[in-house]
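# Examining the three-dimensional arrangement
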Amino acid sequence: MQCAVRRGALLLLILGVLAALHAPAVKARSTSGPPSRLRDGQAEFTSAIIGPIQGSAGRRLASGACSNPPSPQNTLLFYTGTSYSGQACVAGSYSCTGQCINGWSTGVTTNGARRPDPAALCDSTTNNVWVVTNPCLPPCPVSSITIPTASGINSSAGCTGTPLPDGGTCSWSCSSGYVAPTQGSTPTSTCRNGVLSQPAACNPADCSADPLVTLKATPVAPGAQLPSSFTRTNGSSCGNGKHDEVCNAACPGASATGQAALTAKCALGNWNFTGSCPAAQPVDNVQLSTLLPLILLSGNYGGNSNRGGGNAQPSAVQALQQLLDDLIKRGVAAVLPNFASSLFRDAGLSLDEAATLLSLQNTTITFSVKKGSQCYAGTQAFAPEGFPCYQCPADSISQDGGECVPCTIPNSEPNPAQTACSCKYGYDAVLLGGQLQMCKQWYIDVQCAAIPHSEVNAVGNGCSCTFGFQEQINDATGKLTACTPIDCSTTPGAELDASGAGCTCKQGFVAAASATDGSLQCLAAAQPAADDTAAGTAGTWLMIPVLANDAGSPTRIKSVSSTALGGRAIITADAASGKDVIRYISNTPATAGTDTFNYTTELGSAAVSVTLTPGPCAESSCGFQRRNAAAQLGTCQAGSCVCVPGSGMASVFVRNPSAAAAALTPQVPACRYRGFTAVGDFTAPGKIIDIVAAAGEQSLSFRLAQGAETAACLAVQPVTLLGIRRLPSCPVAKKRSSVVTPSAVGPEFAPDLSLSCNKGLYTVAVPIPGGPVGSCWNVVLRLADGTSRRAVMRDVGNG
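Residues numbered from 1 in each chain as written. Predicted model: local features only at pLDDT ≥ 70, side-chain atom pairs only at ≥ 80, totals over all residues. Heavy atoms only, no water.

Tallying secondary structure elements over the protein chain gives 9 helices and 56 strands in all. Counting the 799 residues in the protein chain, one finds 35% classified as buried. Partitioning the intrachain contacts of the protein chain with sequence separation of at least 6 by distance along the chain shows that 53% fall at a separation of at least 24. (Helix = DSSP H or I, 4+ residues; strand = E, 2+ residues; numbered from the N terminus. Buried < 20%, exposed > 50% of the residue type's maximum accessible area, 1.4 Å probe, protein only. Contact = heavy atoms within 4.5 Å.)

This part covers the state of the cysteines. All told, the structure shown has 18 disulfides when counted by the stated rule. The disulfide that involves cysteine 238 links it to cysteine 247, with 2.0 Å between the sulfurs. An S-S torsion of about 65° defines the bridge between cysteine 238 and cysteine 247 as right-handed. A single burial state applies to cysteine 238 and to cysteine 247, both of which are buried. Paired through a disulfide, cysteine 465 and cysteine 483 show a sulfur-sulfur distance of 2.1 Å. As the torsion about the S-S bond is roughly -95°, the cysteine 465-cysteine 483 disulfide counts as left-handed. Pair noted here: cysteine 465 is in strand 28 (residues 463-465) and cysteine 483 is in strand 30 (residues 480-485), with a separation of 18 residues, a long-range link. (Disulfide = S-S within 2.5 Å.)

For the rest of this paragraph, the subject is the packing of aromatic side chains. Inspection of the entire model under this criterion finds 5 aromatic pairs. Centre to centre, the rings of phenylalanine 230 and phenylalanine 273 are 6.1 Å apart; their planes meet at 55°, and the pair counts as tilted. Here phenylalanine 230 is found in strand 13 (residues 229-231), whereas its partner phenylalanine 273 is found in strand 16 (residues 270-275), with 43 residues between them in sequence. On the accessibility criterion, phenylalanine 230 (3% relative accessible area) is buried. When the centroid spacing of 5.2 Å and the interplanar angle of 70° are considered together, the rings of tyrosine 425 and tryptophan 442 count as edge-to-face. (Phe/Tyr/Trp six-rings, centres within 6.5 Å; stacked < 30°, edge-to-face > 60°.)

It is worth spelling out the sheet that holds strand 3 (residues 75-79) at this point. Strand order across the open sheet formed by 4 strands is 3-4-5-6, with antiparallel pairing between neighbours. On the outer flanks of this sheet lie strand 3 and strand 6 (129-133), each paired with one strand and no other. Between one strand axis and the next, the sheet turns by 25° as a mean value, whatever way the strands run. By the bridge criterion, 3 bridges tie strand 4 (residues 95-100) to strand 5 (residues 119-123) in an arrangement that is antiparallel. When the bridges of strand 5 are listed, cysteine 96 appears paired with alanine 120. (Pairing = 2+ DSSP bridges. Axes fitted to C-alpha atoms, helices over the stretch in contact; angles between N-to-C directions.)

On the surface, Tyr425, Trp442, Tyr443 and Val446 cluster together into a nonpolar patch covering about 560 Å² of accessible area. Counting through the fold element by element, tyrosine 425 comes out in the loop between strand 24 (421-423) and strand 25 (427-432). (Patch = residues over 30% accessible without salt bridge, like charges linked within 9 Å, V, L, I, M, F, W, Y side chains within 5 Å. Areas by Shrake-Rupley, 256 points an atom, 1.4 Å probe, with all protein chains shown as cover. Salt bridge = Lys/Arg side-chain N within 4 Å of Asp/Glu carboxyl O.)

With respect to the helices, strands and loops of the structure, isoleucine 724 is situated in strand 51 (residues 719-726). When the C-alpha positions of isoleucine 724 and arginine 790 are compared, they lie 10.0 Å apart, and in sequence the two are 66 residues distant.

All right, on to the side chain of threonine 591 then. Here threonine 591 is to be found in the loop between strand 39 (579-585) and strand 40 (593-601). Polar contacts involving the side chain of threonine 591 include one to the main-chain carbonyl oxygen of threonine 588, which spans 3.1 Å. Ignoring any residue separated from it by four or fewer positions in sequence, one finds threonine 591 in contact with Ala538, Leu565, Ser586, Leu612, Thr613 and Pro614. (Polar contact = N/O pair within 3.5 Å; in protein donor to acceptor, adjacent residues only side chain to side chain.)

In this section: the pattern of salt bridges. Charged atoms that come close allow side chains of opposite charge to pair. Here the structure, examined in full by the defined rule, presents 6 salt bridges. Residues lysine 440 and aspartate 445 are paired through a salt bridge, measuring 2.8 Å at the closest nitrogen-oxygen approach. With relative accessibility at 18%, the residue lysine 440 sits in the buried group. A relative accessible area of 41% places aspartate 445 in the partly exposed class.

A separate point is the nonpolar core. In this structure, Leu700, Phe702, Val766 and Met793 are the most contacted members of the largest nonpolar core, which totals 32 residues. Those elements giving two or more residues to this core turn out to be strand 47 (667-673), strand 49 (687-691), strand 50 (696-703), strand 51, strand 54 (761-768), strand 55 (776-783) and strand 56 (788-795). Listed in part, the 15 residues of the second largest apolar core include Leu547, Ile557, Ile582 and Phe597. (Core = buried A, V, L, I, M, F, W, Y, C linked by side-chain atoms within 4.5 Å.)

Looking now at the confidence of the model for the protein chain. In this model, the protein chain carries a mean pLDDT of 75, and residues with pLDDT of at least 70 account for 74%. In this model residues 283-287 is a low-confidence stretch, pLDDT under 50, and it forms 18 contacts with partners more than four residues away in sequence or in other chains. Residue range residues 296-313 is modelled with pLDDT below 50. Its contacts to residues more than four positions away, or to other chains, number 23 contacts. (pLDDT = per-residue confidence, 0-100.)

With that out of the way, let us pick up the pairing of strand 3. Burial analysis of strand 3 places 5 of its 5 residues in the buried class, the great majority of the element. Alternating positions in strand 3 separate into two faces, Thr75, Leu77 and Tyr79 on one and Leu76 and Phe78 on the other, with burial throughout. Two elements, strand 3 and strand 4, share 5 bridges in a ladder whose sense is antiparallel. If you follow leucine 76 over to strand 4, its bridge partner there is glutamine 99.

Reading across the sheet, the 4 strands line up as 35-41-40-37 and stay open at both edges, with mixed pairing between neighbours. Edge strands, defined here as strands with exactly one partner in the open sheet, are strand 35 (532-537) and strand 37 (557-560). Going across the sheet, the axis of each strand differs from the next one's by a mean of 30°, ignoring polarity. Sheet topology note: the strand 40/strand 41 (residues 604-613) ladder contains 9 bridges and is antiparallel. The residue bridging asparagine 598 from the neighbouring strand is alanine 607, located in strand 41.

Moving on: unusual backbone geometry. Despite not being glycine, tyrosine 443 has its phi angle at roughly 65°, a positive value. On the secondary structure map, tyrosine 443 appears in the loop between strand 26 (435-441) and helix 8 (444-449). The backbone of asparagine 628 sits at a positive phi, close to 55°, despite the residue not being glycine. Its place among the elements puts asparagine 628 in the loop between strand 42 (624-626) and strand 43 (629-632).

By secondary structure assignment, the location of arginine 703 is in strand 50. The buried category is assigned to arginine 703, whose relative accessible area is 12%. Here lysine 759 takes part through its backbone oxygen, which lies 3.3 Å from a polar atom of the side chain of arginine 703.

On to the environment of glycine 774, then. The topology assignment puts glycine 774 in the loop between strand 54 and strand 55. When near neighbours in sequence (up to four residues on either side) are disregarded, glycine 774 contacts Cys730, Arg794 and Asp795.

This part covers the environment of glycine 634. Within the secondary structure layout, glycine 634 lies in the loop between strand 43 and strand 44 (635-637). Along the chain, glycine 634 and serine 621 lie 13 residues apart, while their C-alpha atoms are 7.4 Å from each other. Once residues lying within four places of it in the same chain are set aside, the contact partners of glycine 634 are Glu619, Cys622, Gly623, Val642 and Val644.

Written as structure tokens, this is what we have:
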């Protein structure tokens, strides 16, 4: 006892010394400033608080009043008391404020307001329990949402990259042929507590053009006619159309009644055509050996031959050569459908494609133009010889009669002759190789030289900081006042960007949601989850540690998809590893093959493949019981029973009769009757059958097939035991039935089984033992498939 006292005194002495040493350090650290924020990768400072602590409400807490505070998920806690501001929250603290890390945030309310920071409070009035409020909310990985194909949203465009913080939104784009539900809007998704909402679906686009215009730009079959117009079924003009709307063509020479030979259907903004207008009556064919001149005269092929000065002839030859190549490869009617149709409508001729093709293959393109006017600088040579040249606009120049071009260098303008660009008044020219590069404001060099690490900006009218320095701008004047070095080392995972004007995340890091002060945060890029394989017995629970092979060491599984073969996959925690695992079981013990499903963590998603072998089963469970004889065994194949022929039983799966084994293998195969249909007084559950005689016999009838009135009697006797037991008291009856009992028999608690069958209707005679009036008897029929049926009978004497 004295030894213990001495040890306790020594301990108090040591604690007192430590408290004396600790107090000045604590006081020095708490003189100014708000609580410090730890950056990712920075060591966390911890300390032990010795002696009584003054709480934020002025209440003194006993030393060690609270144990070490909890560690909320993705949160750093800091002590917020007056004397210990900025320290890590430890045992003895009274109140602490939390900072969300790793992409988690305080989140926002449904009204968009920011939620308060997380906080921890040591409540000394209720057994010194830490109370944590406003926990941090997880971000939403963009991979946590699957966009239905029928929504019309382009899932590959929008909502990609960095996970969204709580309350954040991202936009999607509509797929080709779809438009946003509201004009000028875009479908959006919002992050709420780690779940990304589904965006509003896009609508199928309507057709904006007339179907006749679209048809004219589409190749048509040789000889086919173009319709004069398209109309809706109600007779109105079909200038445009809604999605899925159909318009009928008015073909030349067609009857006004009957089904249209050519229809146009609007589908996702495009007209699709079905059928064609009937071919016209045969006419004389014509070989167009001079096809190219005819086309040029008719204006059916694009291109303006008057393209300016010396470039006119090469441009025209190039356009004609392209036309010739297209005609030889695809044919005249395909390349120029309007031209081919006009031959028939206007001249009564149709193209001889074969003969024309041979003519085109031997065609040589020649092109010549008259020499243009000799134009002076500042003008453009669009005029033929003998005509005045065109003057360039006042804001552009031209050299040697070439194209008019504007002056694009800031603060430059055309010289008086419009032959070159020169700097405006107040700016000096900066030349490179005799060419103007910049117009620099007077004395700007002197101004920039006065600011260390600055230089003239690209426009030449101000100063900007050199590579690696950040600009300090005077808000009143908008001018540069100083250039400060950019230090990206204070942000883990950051480096100077390519422009040298700011910081960006290094390769392997991604920019997280901005901090409250707007500073850059870089988190390690998410590692993709690895696929998993497993094998086991069907009908038995499997534990699959899918996170064991995933990079980034995730510990939690966010979701699991449905399985391909109908099995069950459940997320559960593994106490040994501290990580989530997946418990899987197949649909039935007879399932064979490979079942697949997907799982998702905060770092990515992966697939799981489970190879299944049908489970074993006992032959006894596949057989049936026999009266006064050993049970007859059945057979088991591929995890299911093969029931004995003629027994009237079918293979099913029932609960495992072994309570110890049921936790691992919940179901086992068995043979059961296809149906049990009680008849007469045997039908209502909870019914008490009143027996009129003091002792007598009652018949119970049933069928072994639902609704089978003409079913045959089975070769195997279905009832193996008739049991009668007197109840201590009669149960509360839902219904009662009074039945006149036949002749009385002697009391017998284990009666002989009297069973008859007529066309599938089984009847068993139940002898009722004698006893006091009002006694109730529990009657049990045990069937050959191992199940039982029960009825209650009540002795009412002679009524």
